[in-house]
Amino acid sequence: SPAYVEKKWYVADGEGMPLGRLASQVAAVLRGKNKPLFTPNMDCGDYVIVINSDKVVLTGKKLEQKMKRTHSGYMAESSDKAVYDAVKGMLPKNSLGRQMLKKLRVYKDASHGHEAQKPEILPLVK
């Protein structure tokens, strides 16, 4: 039941992290796979704030091949868009995935406006 789910806020620092590794760990927290009460048909995940998205490491030829150079109407820089798209690709492709994606905030530098939510540091594995 959604009444039993306790939502937390986490801050993930993207500085020096490979894009795919960051996206997979953030997507797991958004889905709630880090909780013992995980259910695939319910949104039991937490909120995630990704900071320093412009310092994410793109390995290989991803910079030339994967980065979108056209303006899609999204109001963020290209590095924010890359992290957003990578996480979006790892969530379910249905209304539940869209609901989970609304709990993601991506910022290109270290400042964010969510101090009132008292976010915890998300331990990431490099």
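Residues numbered from 1 in each chain as written. Predicted model: local features only at pLDDT ≥ 70, side-chain atom pairs only at ≥ 80, totals over all residues. Heavy atoms only, no water.

**Student:** Whenever I open this one, the sheet that holds strand E3 (residues 104-106) confuses me. Can you help?
**Tutor:** Strand-to-strand pairing in sheets goes through backbone hydrogen bonds, with the strands running parallel or antiparallel. Pairing in this open sheet of 4 strands is parallel, and the strands run E3-E2-E1-E4 from one edge to the other. The open sheet is flanked by E3 and strand E4 (120-121), the only strands paired with a single partner. Note that strand E1 (residues 9-13) and strand E2 (residues 47-51) share 5 bridges and pair parallel. Paired with Val 11 across the two strands is Ile 49, which belongs to E2. Set on the sheet, helix H1 (residues 19-31) makes contact with E1, E2 and E3; between it and E2 the angle comes to about 155°. (Pairing = 2+ DSSP bridges. Helix = DSSP H or I, 4+ residues; strand = E, 2+ residues; numbered from the N terminus. Contact = heavy atoms within 4.5 Å. Axes fitted to C-alpha atoms, helices over the stretch in contact; angles between N-to-C directions.)

**Student:** What should I look at first to understand unusual backbone geometry in this one?
**Tutor:** Backbone phi values are negative for most residues with the exception of glycine, while trans is the configuration of most peptide bonds. In this structure, Asn 52 is a non-glycine residue whose phi angle is positive, near 55°. Structurally, Asn 52 is set in the loop between E2 and helix H2 (62-65). The residue Lys 118 is not glycine, and still its phi comes out positive at about 55°.

**Student:** I tried to follow the pattern of salt bridges on my own but got confused; where do I start?
**Tutor:** Two side chains that carry opposite charge are able to pair once their charged atoms sit near each other. Enumeration according to the criterion identifies 3 salt bridges in this entry. Between Lys 7 and Asp 43 there is a salt bridge, and its shortest N-O distance comes to 3.9 Å. Taken as a pair, Lys 7 in the segment before E1 and Asp 43 in the loop between H1 and E2 lie far apart in primary sequence, 36 residues in all. Since its relative accessible area comes to 35%, Lys 7 is described here as partly exposed. The exposure class assigned to Asp 43 is buried, which follows from its relative accessible area of 11%. Across the salt bridge formed by Lys 35 and Asp 46, the nearest N and O atoms sit 2.8 Å from each other. Placement of Lys 35 in the loop between H1 and E2 and of Asp 46 in the loop between H1 and E2 is noted, with a sequence separation of 11 residues between them. Overlapping salt bridges, with partners in common, bring together Lys 7, Asp 43 and Lys 103 in one network. (Salt bridge = Lys/Arg side-chain N within 4 Å of Asp/Glu carboxyl O. Buried < 20%, exposed > 50% of the residue type's maximum accessible area, 1.4 Å probe, protein only.)

**Student:** What am I meant to see in the pairing of E2 here?
**Tutor:** Remark: a regular strand shows side chains that alternate across the two faces of the sheet. In terms of burial, E2 is a largely internal element, 4 of the 5 residues being buried. In this region the chain leaves E1, passes through H1 and returns to the parallel neighbour E2; the handedness of that crossover is right-handed. Strand direction decides the pairing type here: E2 and E3, joined by 3 bridges, are parallel. Along E3, the bridge assignment pairs Val 50 with Val 106. (Right-handed = clockwise from strand over helix to strand, strands pointing away.)

**Student:** Hey, could you run me through the nonpolar core in this one?
**Tutor:** Within soluble globular proteins, side chains that are nonpolar tend to cluster in buried spots. Residues Leu 22, Val 26, Val 48, Val 50, Val 87 and Leu 104 are the most contacted members of the largest nonpolar core, which totals 25 residues. Looking at this core, the elements with two or more residues in it are E1, H1, E2, helix H3 (78-88), helix H4 (95-101) and E3. Aside from chain neighbours lying at most four places away, what touches Leu 22 is Ala 12, Gly 14, Met 17, Val 50, Val 56, Val 83 and Leu 124. (Core = buried A, V, L, I, M, F, W, Y, C linked by side-chain atoms within 4.5 Å.)

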